[in-house]
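Spelled out, the chains give:
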Amino acid sequence: MLHELKWKSKAYRPELEDHSQYHIRCKPGDIAKYVLLPGDPERVGQMAEQWDQKEHIATYREHVTYTGKVGGVDISACSTGAGGPSTASALEELAEIGAETFIRVGTCGAMQENINPGDLIICAGAVRYDGTSDQYVDSKFPAVANQEVIMALIEAAERLGVTYHVGIGYTSASFFCGQGRPGFNNYNQSFMNTIMDDMQKAGVLNFEMEAATVLTLSSLFNLRSGAIFTAVANRVKDEFAYKGEGVTQSIAVATEATKILNQWDELKKKSGKPYFFPSLLQNEKTI
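The model shown is predicted, which means the values in this text are computed figures rather than measured ones.

What counts, and at which threshold
- Residues numbered from 1 in each chain as written.
- Predicted model: local features only at pLDDT ≥ 70, side-chain atom pairs only at ≥ 80, totals over all residues.
- Heavy atoms only, no water.
- Helix = DSSP H or I, 4+ residues; strand = E, 2+ residues; numbered from the N terminus.
- Rg over C-alpha atoms; globule rule 2.2 N^0.38 Å.
- Buried < 20%, exposed > 50% of the residue type's maximum accessible area, 1.4 Å probe, protein only.
- Contact = heavy atoms within 4.5 Å.
- Areas by Shrake-Rupley, 256 points an atom, 1.4 Å probe, with all protein chains shown as cover.
- Lys, Arg positive; Asp, Glu negative; His and termini not counted.
- Charge placed at Lys NZ, Arg CZ, Asp CG, Glu CD.
- Phe/Tyr/Trp six-rings, centres within 6.5 Å; stacked < 30°, edge-to-face > 60°.
- Core = buried A, V, L, I, M, F, W, Y, C linked by side-chain atoms within 4.5 Å.
- Patch = residues over 30% accessible without salt bridge, like charges linked within 9 Å, V, L, I, M, F, W, Y side chains within 5 Å.
- Salt bridge = Lys/Arg side-chain N within 4 Å of Asp/Glu carboxyl O.
- Expected span 1.5 Å × (residues − 1).

1. Notes on the overall build of the protein chain
Alright, step 1. Across its full length, the protein chain carries seven helices and 11 strands.
Alright, step 2. Whereas a compact globule of 287 residues would reach a radius of gyration of roughly 19 Å, the protein chain reaches 19 Å, a difference of no more than 12%.
Alright, step 3. Dimensions of the protein chain along its principal axes, counting C-alpha atoms only, are 55 × 50 × 35 Å.
Alright, step 4. Going through the 287 residues of the protein chain one by one, you find that 51% of them count as buried.
Alright, step 5. Across the protein chain, contacts joining residues at least 24 apart in sequence account for 72% of those joining residues at least 6 apart.
Alright, step 6. As presented, the protein chain carries roughly 13500 Å² of accessible surface, and 50% of it is formed by carbon and sulfur atoms.
Alright, step 7. Looking at the protein chain, you have 27 positive and 35 negative side-chain charges, and the mean spots of the two groups are 4 Å apart.

2. A few points about the packing of aromatic side chains
Alright, step 1. One pass over the full model with this rule turns up five aromatic pairs.
Alright, step 2. When the centroid spacing of 6.2 Å and the interplanar angle of 70° are considered together, the rings of Y136 and F221 count as edge-to-face. Remark: F221 occurs in the loop between α5 (211-220) and β10 (224-234) and Y136 occurs in the loop between β6 (120-129) and β7 (143-144); sequence separation between them is 85 residues.
Alright, step 3. On the basis of an interplanar angle of 80° and a centroid distance of 5.2 Å, the ring pair of Y170 and F207 is categorised as edge-to-face. Of this pair, Y170 sits in strand β8 (residues 164-172) while F207 sits in strand β9 (residues 206-208); the two residues are 37 residues apart in sequence, bridging distant segments of the chain.
Alright, step 4. The buried category is assigned to F207, whose relative accessible area is 1%.
Alright, step 5. Members of the aromatic cluster, connected to one another through ring pairs, are Y129, Y170 and F207.

3. Things to note about the nonpolar core
Proteins that are soluble and globular tend to have nonpolar side chains buried together.
Alright, step 1. Judged by nonpolar contacts, the single largest core of 50 residues is most densely connected at L36, W51, I103, V105, L153, I228 and V253.
Alright, step 2. In terms of residue count, helix α6 (residues 244-271) provides more of this core than any other element does, nine residues in total.
Alright, step 3. The contact partners of L36, leaving out residues within four places of it in the chain, are M47, I75, S76, A77, C78, I103, V105, A254, T255 and T258.
Alright, step 4. Membership of the second largest hydrophobic core comes to 16 residues, among which are V35, L37, A88 and L91.

4. Comments concerning a nonpolar patch on the surface
Alright, step 1. Taken together, the side chains of Y136, F141 and L220 make up a nonpolar region of the molecular surface, amounting to roughly 220 Å² of accessible area.
Alright, step 2. For L220, the location among the structural elements is in helix α5.

5. Observations regarding the pattern of salt bridges
Alright, step 1. A complete count under the given rule lists 15 salt bridges for this structure.
Alright, step 2. Here E210 makes a salt bridge to R104, at a shortest N to O gap of 2.5 Å. Linking E210 in the loop between β9 and α5 with R104 in strand β5 (residues 101-110), this pair joins segments that are 106 residues apart in sequence.
Alright, step 3. As a salt-bridge pair, R128 and D134 come within 3.0 Å of each other at their nearest N and O atoms.
Alright, step 4. Take D134: its relative accessible area is 37%, and that puts it in the partly exposed class.

6. Quick notes on unusual backbone geometry
Alright, step 1. The phi dihedral of N185 is positive, around 60°, even though this residue is not glycine.
Alright, step 2. Locating N185 in the fold gives a position in the loop between β8 and α4 (195-201).
Alright, step 3. Even without being glycine, N186 reaches a positive phi, approximately 60°.
Alright, step 4. Counting through the fold element by element, N186 comes out in the loop between β8 and α4.
Alright, step 5. When its relative accessible area of 60% is taken as the criterion, N186 is described as exposed.

7. A word on the environment of K6
Alright, step 1. Structurally, the position occupied by K6 is in the segment before β1 (34-38).
Alright, step 2. According to the relative accessible area criterion, K6 is exposed, its value standing at 58%.
Alright, step 3. Between the alpha carbons of K6 and L16 there is a distance of 5.7 Å; along the sequence they are 10 residues apart.
Alright, step 4. If near-sequence neighbours (up to four positions away) are discounted, K6 is found in contact with L16 and E17.

8. Notes on α6
For an α-helix, 3.6 residues make a turn, and residues three or four places apart therefore share a direction.
Alright, step 1. Over its 28 residues, α6 extends 41 Å from the first C-alpha to the last, a length consistent with the 40 Å expected when each residue adds 1.5 Å.
Alright, step 2. Phi turns positive one or two residues past the end of α6, at G272, with a value near 70°.

9. Brief notes about the environment of S190
Alright, step 1. Tracing the sequence through the fold places S190 in the loop between β8 and α4.
Alright, step 2. The spacing of S190 and G180 is 10 residues in sequence and 9.9 Å in space, taken between C-alpha atoms.

In structure tokens, the structure reads:
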């Protein structure tokens, strides 16, 4: 029970005596610096199955956390639940105990005709209708993915031979009305009728519910993040097909990207460079 736990902190940032965080119930040492962020708690175990080693760390509320190793790289996964508020709480607390790089791994609805269910989408940035990020910074501040994470996800997708697209997504605070769907009993407002058409014309690729929160907070906190999605619907053609293969592929790409980022991070350390750039790979033997 909550009242029986030993809290050490004041109310402004609650944690237990061992520094376990309020929402995720993880403490320093539990989390790798590379963290995958699925929304679905059940997907965390699916991610851990792709690793060489795995350990269940905590389950509390919507947050299930595993830590392990893959290809010699320490890696964690923590589910965020659906939407910005729980995503922000998880990211804040993961960062508090040592996480530095986040890759959101989720599902989405495509709004461009050429993106089929099962295709992957690598998120370069997001339209900020998540609601939560507005509580952190002015709405004109962009939600952009870190360039190294984008490149690592592209490299991983190429290595694994999957079908992928790269571009801007739309993060909504609502699965229904906020994504241009009618609410219960066909509830509708006029502005909802133009959301998808307007975003299509702007070249936006997909709807989902967490990326803008992850990208914005990471930028504000000087952390690194990106996102990859499996399209489970095409809204233009009104098709829905939840393909498990596509979800498995997105997890594999995110996991491979983590290994790639670790390699690039080691190269940056050896070369004394603050950012990765392709010629570092060419010079790797001479560093």
